[in-house]
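# Tertiary structure, described
So you can see what is in the structure, the chains are spelled out below.
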Amino acid sequence: MDVLFGRNKKEQLEPVRATVTGKIPTWLQGTLLRNGPGMHTVGETSYNHWFDGLALLHSFAIKDGEVYYRSKYLRSDTYNANIEANRIVVSEFGTMAYPDPCKNIFSKAFSYLSHTIPDFTDNCLINIMKCGEDFYATTETNYIRKINPQTLETLEKVDYRKYVAVNLATSHPHYDEAGNILNMGTSIVDKGKTKYVIFKIPAAAPDARKKGTSPLKRTEVYCSIPSHSLLSPSYYHSFGITKNYVIFLEQPFRLDILKMATAYIRGVNWASCLAFHGEDKTYIHIIDQRTRKPVQMKFYTDPMVVFHHVNAYEEDGCILFDVVAYEDNSLYQLFYLANLNQNFNEHSRLTSFPTLRRFAVPLHVDKNAEVGSNLIKVASTTATALKEKDDQIYCQPELLFEGLELPRINYAHNGKPYRYIFAAEVEWSPVPTKIIKYDILTKSSIRWGEENCWPAEPLFVPTPGAKDEDDGVILSTVISTDPQKQPFLLILDAKSFTEVARAFVDVDMHLDLHGIFIPGADWDARKQAPSQKPRDRDSDGVAPQT
Ligand SMILES: CC1=C(/C=C/C(C)=C/C=C/C(C)=C/C=O)C(C)(C)CCC1
Ligand SMILES: [Fe+2]
């Protein structure tokens, strides 16, 4: 399994042409841009956790039935400092590093004792975010890194804290139809308070054409939700939105700030400062986007751990929201490389299985409703919301499916009624072996799989002028544990899940995490030299197919 997880991957700086089998639809033009950890050893030192690996960006430029692949390590300050020192000198999620005290890599990097919150890594390995006309590699700290989506070059380091007071921010922002970003972050012990901050980054400033005007400068705080606990805010990886609401789960999987403040001197990693509190509730916060305030009703559910929200929408006076939920945080435990690399099958069995759960939250509660009554009258779900004595509402989900992760949807349906989920199927080990299409209406599923093949998160790209929700293709990168088999870009028909084409590349491809498809035929993958600046593109206001 070293092939999948631990071994350092070689970057492919020059675009390499893929061998295509099948026929790529002529309308499919654009770039699939993805991110994930690619290097876990620097000199004699190694990271402990798969999420620690240095970010390796890769892209498939698709044009006129041809595919060109390239990959490049994100030249983050973290990457550069590590490479220069020939050892790991910046701490990551599962690895605490001890740099040379004489070298000041980050501004406040080593003033651990005078700052409650230490400076974090800019190794942005999780996702790609489109912000106006710019693209950023993202992680969950306060740093994002601007990148050139064509050449994969690393550009400015952006500190969210310059624009909004957050120490952590999700890697899963939402986009509205105009491309405006809605994201969330946590502000830790700032002015005596710890809060969750929902913020909006407009797609483009009116004066965006003026050089150097970043939409980030117009970031505005939408709403702040006080944390239930000053010193132990919830950890969250994503959140949900509907047309009018934001759904935030304050789950009992929490960061311990005092532990974090002393982690460096105690010689423990950040991950050890995260703990699941199975005795606590999961609070469901619903924020009205029109008033920018949380709704008054208090909703909660049983303890659980959610990384990925799938989608949410409003129906008959309720919010329905779908998440992939676990009984505990054992998933993050499994991704320690020691577990992944040796006796993979034995050590990497999930003790808690990912389940697709649908929750229903009533938006209007009849004051006279009896205690114990179910406030959900929506016929399409068996999820319940029970009124309790103290005006709290206890939500119990409907279990839709067991064994999927990395969910994606047709993003045109984000926040709206929808029927299909595209995801990786998970069978008691943390890595997918199949891609699945789950139909919420019929509760049936179809899948794609092949021997020794490990497909990544499947991404949906709609056919131009698509009518049906599943009119389009699925893109997934597939790597194989069979050394004879080259990695490939898989293109499936999203309706039938039959193979449309695959594009093989003879490269050292990594198992990635998330990415986006950037539609457009105006880039020439072959000719763009790695050092050229991106061509000016017209602002068409089109949100990425995230
Ligand atoms: C460095 C660092 C963090 C990094 C977390 C990461 C890198 C999480 C990755 C999660 C993934 C990939 C989930 C997939 O479902 C924290 C804990 C936010 C805070 C402390 C500093
Ligand atoms: Fe994620």
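Residues numbered from 1 in each chain as written. Chains lettered and ligands numbered in written order. Predicted model: local features only at pLDDT ≥ 70, side-chain atom pairs only at ≥ 80, totals over all residues. Heavy atoms only, no water.

Going by what an unreviewed UniProt entry lists, the protein is known as LOW QUALITY PROTEIN: beta,beta-carotene 15,15'-dioxygenase and is assigned to Carlito syrichta. One UniProt comment on the protein, placed under Sequence similarities (unreviewed entry), says "Belongs to the carotenoid oxygenase family." (UniProt positions renumbered as here; feature names shortened; annotations may be inferred.)

## A short note on the overall build of the protein
When you go through the protein residue by residue, the secondary structure sums to five helices and 40 strands. Relative to its full complement of 546 residues, the protein shows a buried share of 60%. Of the contacts formed within the protein by residues at least 6 apart in sequence, a portion of 62% connects residues at least 24 apart. (Helix = DSSP H or I, 4+ residues; strand = E, 2+ residues; numbered from the N terminus. Buried < 20%, exposed > 50% of the residue type's maximum accessible area, 1.4 Å probe, protein only. Contact = heavy atoms within 4.5 Å.)

## Points about the site of ligand 1
Taken together, 16 residues sit near ligand 1, with Ile 126, His 237, Trp 270, His 308 and Tyr 332 positioned nearest. When ligand 1 sits alone it has 550 Å² of accessible area, and the protein chains cover 97% of it. Under a 2 Å grid-point criterion requiring more than half of the atoms, the pocket assigned to ligand 1 is the largest cavity. Along the lines of polarity and charge, the residues of the shell around ligand 1 split into 10 nonpolar, five polar and one charged. (Near = heavy atom within 4 Å. Areas by Shrake-Rupley, 256 points an atom, 1.4 Å probe, with all protein chains shown as cover. 1 Å grid on protein atoms, 1.4 Å probe; cavity = no way out; pocket = protein on both sides within 12 Å on 5 of 7 lines; lining within 4 Å. Sits in = over half its atoms within 2 Å of the grid points. Nonpolar A, V, L, I, M, F, W, Y, C, P; charged D, E, K, R; others polar.)

## Regarding the side chain of Thr 194
As for its position among the elements, Thr 194 is in strand E16 (residues 193-201). In this structure Thr 194 touches Thr 186, Ser 187, Ile 188, Val 189, Pro 226, Ser 227, Ser 229, Leu 230 and Pro 233, once residues within four positions along its chain are discounted.

## A look at the nonpolar core
Across soluble globular proteins, you tend to see nonpolar side chains buried next to one another. Counting 109 residues, the largest nonpolar core has Leu 28, Trp 50, Ile 284, Ile 286, Phe 321, Leu 475 and Leu 489 as the members making the most contacts within it. Here the element with the most residues in this core is strand E26 (residues 318-326); it accounts for eight residues. Leave out the neighbours within four places in its chain, and Ile 286 touches Tyr 245, Val 246, Ile 247, Lys 293, Pro 294, Val 295, Phe 299, Ile 319 and Val 361. In this structure, Val 166, Tyr 175, Leu 216 and Tyr 411 belong to the second largest nonpolar core, which totals 16 residues. (Core = buried A, V, L, I, M, F, W, Y, C linked by side-chain atoms within 4.5 Å.)

## Things to note about the sheet that holds strand E11 (residues 143-147)
Whether parallel or antiparallel, the strands of a sheet pair through hydrogen bonds between backbone atoms. Read from one edge of the open sheet, four strands run E9-E10-E11-E12, paired in antiparallel fashion. Single-partner strands in this sheet number two, and they are strand E9 (127-131) and strand E12 (154-159). Neighbour-to-neighbour, the strand axes of this sheet turn through a mean angle of 35°, independent of strand direction. Pairing between E9 and strand E10 (residues 134-138): five bridges, direction antiparallel. The partner of Met 129 across the bridge, within E10, is Tyr 136. (Pairing = 2+ DSSP bridges. Axes fitted to C-alpha atoms, helices over the stretch in contact; angles between N-to-C directions.)

## Thoughts on the UniProt feature "binding site: Fe cation" (unreviewed entry) in the protein
Sequence positions flagged by UniProt for "binding site: Fe cation" (unreviewed entry) are, in local numbering, His 172, His 237, His 308 and His 514. For the annotated residues, spread through 343 residues, the largest C-alpha to C-alpha distance comes to 12.6 Å, consistent with a single compact locus. Residues from the named set that contribute to the lining of the largest cavity are His 237, His 308 and His 514. Assignment of secondary structure puts His 172 in the loop between strand E13 (168-169) and strand E14 (174-175). With residues near it in sequence (within four places) discarded, His 172 still touches Asn 127, Asn 183, His 237, Ser 238, Phe 239, His 308 and His 514. In this structure, His 514 sits in strand E40 (residues 514-519). The class of His 514 is buried, set by a relative accessible area of 2%. Those residues in contact with His 514 that sit more than four places away from it in its chain are Arg 34, Asn 35, Ile 126, Asn 127, His 172, His 237, His 308, Leu 406 and Glu 457.

## Let's talk about helix H2 (residues 257-266)
Those residues of H2 not exposed but buried are Ile 257, Met 260, Ala 261, Ala 263 and Tyr 264. For H2, the arc enclosing every buried residue in end-on projection is 140°, short of the 170-degree limit, so these residues lie on one face. Looking at the packing, one finds that the buried side of H2 touches strand E15 (181-190) and strand E20 (253-255). Sitting at the head of H2, Asp 256 places a side-chain oxygen 3.2 Å from the backbone nitrogen of Leu 258. One or two steps after H2, the chain reaches Gly 267, where phi turns positive at roughly 75°. (Arc of directions from axis to C-beta. Polar contact = N/O pair within 3.5 Å; in protein donor to acceptor, adjacent residues only side chain to side chain.)

## A look at the packing of aromatic side chains
Overall, the coordinates contain 30 aromatic pairs when judged by the stated rule. A network of ring pairs unites the aromatic residues Phe 5, Trp 50, Phe 51, Phe 93, Tyr 235, Phe 253, Phe 307, Tyr 326, Tyr 332 and Phe 335 as a single cluster. In this arrangement the basic side chain of Lys 157 is found over the ring face of Tyr 143, its NZ or CZ atom lying 4.2 Å from the centre. The residue whose ring lies beneath Lys 437 is Tyr 420, and the NZ or CZ to ring-centre distance is 4.4 Å. (Phe/Tyr/Trp six-rings, centres within 6.5 Å; stacked < 30°, edge-to-face > 60°. Lys NZ or Arg CZ within 6 Å of the ring centre and 35° of its normal.)

## What about the coordination of the iron ion (ligand 2)?
In ideal tetrahedral geometry, four donors around a metal make angles of 109.5 degrees, whereas ideal octahedral geometry with six donors gives angles of 90 or 180 degrees. Within the protein, the iron ion (ligand 2) binds to His 172 (NE2), His 237 (NE2), His 308 (NE2) and His 514 (NE2); these donor distances fall in the range 2.0 to 2.1 Å. Geometry at the iron ion (ligand 2) is irregular, judged from its four donor atoms and the angles of 94 to 146° they form at the metal. Spacing between the donor residues of the iron ion (ligand 2) along the chain follows H-x64-H-x70-H-x205-H. Separated by 71 residues along the polypeptide, His 237 in the loop between strand E17 (220-226) and strand E18 (240-241) and His 308 in strand E25 (residues 305-315) bring together distant segments of the chain. As far as burial versus exposure is concerned, His 237 and His 308 are alike and both buried. (Donors = N, O, S within 2.8 Å, 3.2 Å for Na, K, Ca; no water. Tetrahedral: all angles 85-135°; square planar, octahedral: opposite > 155°, others 65-115°.)

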